[in-house]
Amino acid sequence: MSLLSIQNLVKRFGALTATDHVSLAVERGQIHALIGPNGAGKSTLVHLISGLLPADGGSLTLDGTELIHLAPHQRVAAGLARCFQITSIFPQLTVAENLLLAVQAQGRNSFRSFHVRDDDPALLQQAWALAQRVQLQGRWNDVAGTLPHGAQRKLDVALAIAAQPKLLLLDEPMAGMGPVESSEMVALIQQLRASSPDMAILLIEHDMDAVFQLADCITVLVYGKVLAQGSAAQIQADPRVQAVYLGQEDEGDASIPEAQEGAA
Ligand SMILES: Nc1ncnc2c1ncn2[C@@H]1O[C@H](COP(=O)(O)OP(=O)(O)OP(=O)(O)O)[C@@H](O)[C@H]1O
């Protein structure tokens, strides 16, 4: 049984079918990338998975639990975590305080109303371990809002993995990053996979170099439908995918680059 199984998922906005009978499976421990040109329906699909948008049809199971009628916090309890592009960090608190709140919140629905407890050695140890996992030990006492963009994204990832999710939704983790920060994020995701081999990652990303370095499996969405699915090499060689992206060459980030050495 796949970890995440999506079958015939449908979402309509009036006359537009933004998610058109999409079926895909994410396996345990897999990094599965979702790509497609602008407007293909990637964000809509992520919102349907996280529960921010209600579906008009289809099925969505995580580790055998049907999610389709569950509220977002119930999906989190079922093992889903999502990075919200740094909007979940508390900018006025330190990195340590953000991480402490996240570990304090495990098993609860929200940590918005918590006081930071910095006197519990077990919590401190867990928070420190999270900082190590995203390489923010050196930023432990820094105020989160003063961190560079790439470090804020790392903190956001740390908050998302605090509850040890089965599936992590990473929505454009490289957005707004320069080449150095992007390659750091690629390395971070590779390390996450090494340290949590059972956690699957569904990655939505326009940076094709990053996608081809990271993904075990790639699903290509076009006009709300699955156009193709396969390994990086299969996707790069697929004439249908090339045709979709060729028209976008001028947009730079949407073109399909040559296969990287060592890519999946
Ligand atoms: N709330 C909404 N109401 C109406 N139409 C919407 C809504 N959200 C998305 N759409 C439409 O659904 C289609 C898919 O949009 P979506 O944002 O999911 O695409 P995307 O692949 O994430 O694009 P991008 O890469 O530009 O973020 C688009 O035609 C978009 O205009």
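Being a predicted model, the structure only gives us computed values, none of them experimental. (Residues numbered from 1 in each chain as written. Predicted model: local features only at pLDDT ≥ 70, side-chain atom pairs only at ≥ 80, totals over all residues.)

Student: Quick question: what am I supposed to make of the nonpolar core here?
Tutor: Across soluble globular proteins, you tend to see nonpolar side chains buried next to one another. With 73 residues, the main nonpolar core has Leu 99, Ala 158, Leu 167, Leu 203, Val 211 and Ala 215 as its most contacted residues. For this core, the element with the most residues is helix α3 (residues 95-104), which contributes 7 residues. If you count residues domain by domain, this core takes at least three from each of domain 1 (1-79 + 165-264) and domain 2 (88-163). Residue contacts for Leu 203: discarding those within four places in its chain leaves Ile 31, His 32, Ala 33, Leu 34, Leu 170, Val 211, Leu 214 and Ala 215. (Core = buried A, V, L, I, M, F, W, Y, C linked by C-beta atoms within 7 Å. Buried ≥ 20, exposed ≤ 12 C-beta atoms within 10 Å, placed from the backbone. Helix = DSSP H or I, 4+ residues; strand = E, 2+ residues; numbered from the N terminus. Domains from an automatic or database assignment. Contact = placed C-beta atoms within 7 Å.)

Student: Where do I start with helix α6 (residues 179-195) in this structure?
Tutor: Residue pairs spaced three or four apart in an α-helix point in one direction, given the helix's 3.6 residues per turn. For α6, with 17 residues, the first-to-last C-alpha span of 24 Å sits near the 24 Å given by 1.5 Å per residue. Of the residues making up α6, those classed as buried are Met 185, Ile 189 and Leu 192. On an axial view of α6, the arc spanned by its buried residues comes to 60°, and they lie on one face. Facing away from the buried side of α6 by more than 90 degrees, the exposed set consists of Pro 179, Val 180, Ala 187, Ala 194 and Ser 195. Structurally, α6 contributes buried residues whose contacts are with α5 (149-161), β8 (200-204) and α7 (208-214). (Expected span 1.5 Å × (residues − 1). Arc of directions from axis to C-beta.)

Student: Got a minute to help me understand the sheet that holds strand β6 (residues 80-83) in this structure?
Tutor: Working definition: the strands of a sheet are paired by backbone hydrogen bonds and lie parallel or antiparallel to each other. The strand order β6-β7-β8-β3-β9-β10 describes an open sheet built from 6 strands, whose pairing is mixed. Across the chains shown, the open sheet's two edge strands, defined by having one partner strand only, are β6 and β10 (225-230). Averaged over all neighbouring strand pairs, the angle between strand axes comes to 20°, with direction disregarded. Where strand β3 (residues 31-35) lies against β8, 4 bridges are found, and the strand directions are parallel. (Pairing = 2+ DSSP bridges. Axes fitted to C-alpha atoms, helices over the stretch in contact; angles between N-to-C directions.)

Student: Where do I start with the site of the ligand in this structure?
Tutor: As a structural note, the neighbourhood of the ligand is formed by Phe 13, Leu 16, Ala 18, Gly 36, Asn 38, Gly 39, Ala 40, Gly 41, Lys 42, Ser 43 and Thr 44. Broken down by secondary-structure element, the contributors of at least two residues to the shell around the ligand are β2 (16-26) and α1 (42-50). For the shell around the ligand, the leading source of residues is α1, giving 3 residues. Residue composition of the shell around the ligand, grouped by class: 4 nonpolar, 6 polar and 1 charged. (Near = placed C-beta within 6 Å. Nonpolar A, V, L, I, M, F, W, Y, C, P; charged D, E, K, R; others polar.)

Student: Hey, could you run me through the pairing of β2 in this one?
Tutor: The side chains of a regular strand alternate between both faces of the sheet. In terms of strand pairing, strand β1 (residues 4-13) meets β2 through 8 bridges, oriented antiparallel. Residue pairing for β2: Ile 6 is matched across the bridge by Leu 24. Connecting β1 to the antiparallel partner β2 that follows it, the hairpin turn spans 2 residues, and Gly 14 within it adopts a positive phi of roughly 60°.

Student: Help me understand unusual backbone geometry in this model?
Tutor: With the exception of glycine, most residues fall at negative phi, and the peptide bonds are largely trans. For Asp 63, which is not glycine, the phi torsion reads 50° and is therefore positive. Here Asp 63 shows up in the loop between β4 (57-62) and β5 (65-66). The partly exposed category is assigned to Asp 63, around which 16 C-beta atoms lie within 10 Å. Its identity as a non-glycine residue notwithstanding, Gln 135 has a phi of 55°, on the positive side. Turning to its location among the elements, Gln 135 is positioned in the loop between α4 (121-133) and α5. On the basis of neighbour counts, which here come to 15 C-beta atoms within 10 Å, the residue Gln 135 falls in the partly exposed class.

Student: Help me understand the pairing of β4, please; the structure alone is not making it clear to me.
Tutor: Two strands pair when backbone bridges link them, and β1 and β4 are joined in this way by 5 bridges, in the antiparallel orientation. Counterpart to Ser 5 in the pairing with β4 is Thr 61. Pairing of β4 with β5, which is carried by 2 bridges, proceeds in the antiparallel orientation. By the bridge assignment for β5, Leu 62 is matched with Thr 65.

Student: Where do I start with the domain arrangement of the protein in this structure?
Tutor: The extent of an interface is frequently quoted as the accessible surface area lost upon association of the parts. Domain parsing of the protein yields domain 1 (1-79 + 165-264) and domain 2 (88-163). Every contact between the two is made by 12 residues of domain 1 and, on the other side, 12 residues of domain 2. Considering each element in turn, the side of domain 1 that touches domain 2 owes the most residues, 6 residues, to α6.

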